[in-house]
Amino acid sequence: MYSFINDYSEGACPAILDKLTATNLEQTVGYGFDAHCQKARRLIQAACQSHKAAVHFLIGGTQTNMTFISAVLRPHEGVFGVVTSHINTHEAGAIERTGHKVIPIPSEDGKLTAQALEKAYTAYKDDPNRLHWVKPKMVYISQPTELGTLYNKKELTSLHAYCKKEKLYLYIDGARLGYALATPKNDITLPVLAKLCDAFYIGGTKCGALLGEALVLISKDLQEDFFTLMKQAGAVLAKGRVVGMQFETLFTDNTYTAVCANGITAAQKIAQALKAGGCTFLAKPETNQLFPILPNTVYAKLSKNFKLDLCGPVDKKHTAVRICTSWCTDANEVAKLVAQLHSFKTLK
């Protein structure tokens, strides 16, 4: 039974395994100060056209979000995020554990609009009892969103402008950033992203690496003492080269976007088959995460051949699922899924 549950079921792209094997007995200094990490930093800075950015390598997404957010915020400050955001749903209260509050805002297709952000922040500023509240200081979004949708340049520019006006930090979770960059309709490149936020991270775990994320700190005032704060949070890997070497590989010869393109191609084929059957979606299908609403009978039959991520019932006759493709999704399995979708009279 083939799995479409997530984009990290497999190990790593062959180029990374080759690099790790070839350098296995190489002796390097630790904690991310080795030559491979240094080269990876230079490659990422060049790709972002931001040579003054600080680049740090961490293990996973939740660790990165928790380490960064808790390092930046003062004890009484909190972070805005949409209701469906990863920090508000799938991180087991990691941010709250550090003493900071996630302040949820309604979303549109998983996205935070500048208008919704302004409404939420204005409500805080206008409240006569705001001194008793958690003070919003950061805005968290992800590209793509938790629902697989994309921010376009206009939307991100509006968010960044408002954050800059109100002196709010804008932080972008890029766990699946490679898939956003590989999407044909995407108009936000790495250099654009670097200019429209204070910090973001480049996901490796879900984008062809064994593990690891690259946190890019754009704003200079966020860079001071960050390594020490990482160390305090237990987020510094002694064998730092294990992560650095993977990003060195991913950012050589455009490998990062190239490997993720497979996930986009696969998702587009599946989305086309779903649309042809009249299927509706929880959110607009744009990247490697699809959220179709299927008749229960269809879901039951598909589940005999494929593992799909169950989101939950929509009504008595329909169920929402997540179909997630990846950098190494098998084209033959995609063809089988597409063929079975076409075999149903309707997907409404």
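Scope of this entry: the structure provided in the associated data block. Here the structure is a predicted model, which is why all the values come from computation and not from measurement.

Comments concerning the sheet that holds strand β2 (residues 54–58)
Spatial strand order, β2-β8-β7-β6-β5-β3-β4: seven strands in an open sheet with mixed pairing. Both outer strands of the open sheet, β2 and β4 (102–105), are each paired with one neighbouring strand and no more. Between one strand axis and the next, the sheet turns through 25 degrees on average, direction left out of account.

Re the pairing of strand β5 (residues 135–142)
A large share of β5 lies buried, amounting to seven of its eight residues. Bridge analysis of strand β3 (residues 77–82) against β5 gives four bridges, and the strand direction is parallel. Residue Gly78 lies in a different strand from β5, and its bridge partner there is Pro136. Pairing geometry for β5 and strand β6 (residues 169–173), over five bridges, is parallel. The partner of Ile141 across the bridge, within β6, is Ile172. Handedness of the β-α-β unit built from β5, helix α7 (residues 153–166) and β6 comes out right-handed.

Focus on the packing of aromatic side chains
This model, assessed by the stated rule, comprises 11 aromatic pairs. Measuring from centroid to centroid gives 6.3 Å for Phe80 and Tyr121, while their planes differ by 90 degrees, and the two rings are edge-to-face. Remark: Tyr121 occurs in helix α6 (residues 114–126) and Phe80 occurs in strand β3; sequence separation between them is 41 residues. Of the two residues, Phe80 and Tyr121, neither departs from the other in class, the shared state being buried. Here a set of aromatic residues connected by ring pairs shows up, and it is made of Phe68, Tyr140, Tyr171 and Phe226. It is Lys137 that lies over the ring of Tyr169; its NZ or CZ is 5.5 Å from the centre.

Quick word on the pattern of salt bridges
Under the criterion given, the structure shown has nine salt bridges. Taking the shortest distance from any N to any O, the salt bridge between Lys336 and Glu333 comes out at 3.5 Å. Here the residue Lys336 and the residue Glu333 both occupy positions in helix α14 (residues 331–343), the gap between them amounting to three residues, near one helical turn. Take Lys336: its relative accessible area is 48%, and that puts it in the partly exposed class.

Side note on the pairing of β3
Counting buried positions over the six residues of β3 gives six, a clear majority of the element. With four bridges joining them, β3 and β4 adopt parallel strand pairing. Note on β4: the bridge partner recorded for Val79 is Val102.

Remarks on unusual backbone geometry
Residue Pro144 is bonded to the preceding Gln143 through a cis peptide linkage, with omega at -5 degrees. Topologically, Pro144 is positioned in the loop between β5 and α7. In this model, Gln49 sits at a positive phi of 50 degrees, which is unusual for a non-glycine residue. Residue placement: Gln49 occurs in the loop between α2 (35–48) and β2. Judged by its relative accessible area of 56%, Gln49 is exposed. Look at Asp225: it is not a glycine, yet its phi comes out positive at around 65 degrees.

Criteria and cut-off values
- Residues numbered from 1 in each chain as written.
- Predicted model: local features only at pLDDT ≥ 70, side-chain atom pairs only at ≥ 80, totals over all residues.
- Heavy atoms only, no water.
- Pairing = 2+ DSSP bridges.
- Helix = DSSP H or I, 4+ residues; strand = E, 2+ residues; numbered from the N terminus.
- Axes fitted to C-alpha atoms, helices over the stretch in contact; angles between N-to-C directions.
- Buried < 20%, exposed > 50% of the residue type's maximum accessible area, 1.4 Å probe, protein only.
- Right-handed = clockwise from strand over helix to strand, strands pointing away.
- Phe/Tyr/Trp six-rings, centres within 6.5 Å; stacked < 30°, edge-to-face > 60°.
- Lys NZ or Arg CZ within 6 Å of the ring centre and 35° of its normal.
- Salt bridge = Lys/Arg side-chain N within 4 Å of Asp/Glu carboxyl O.

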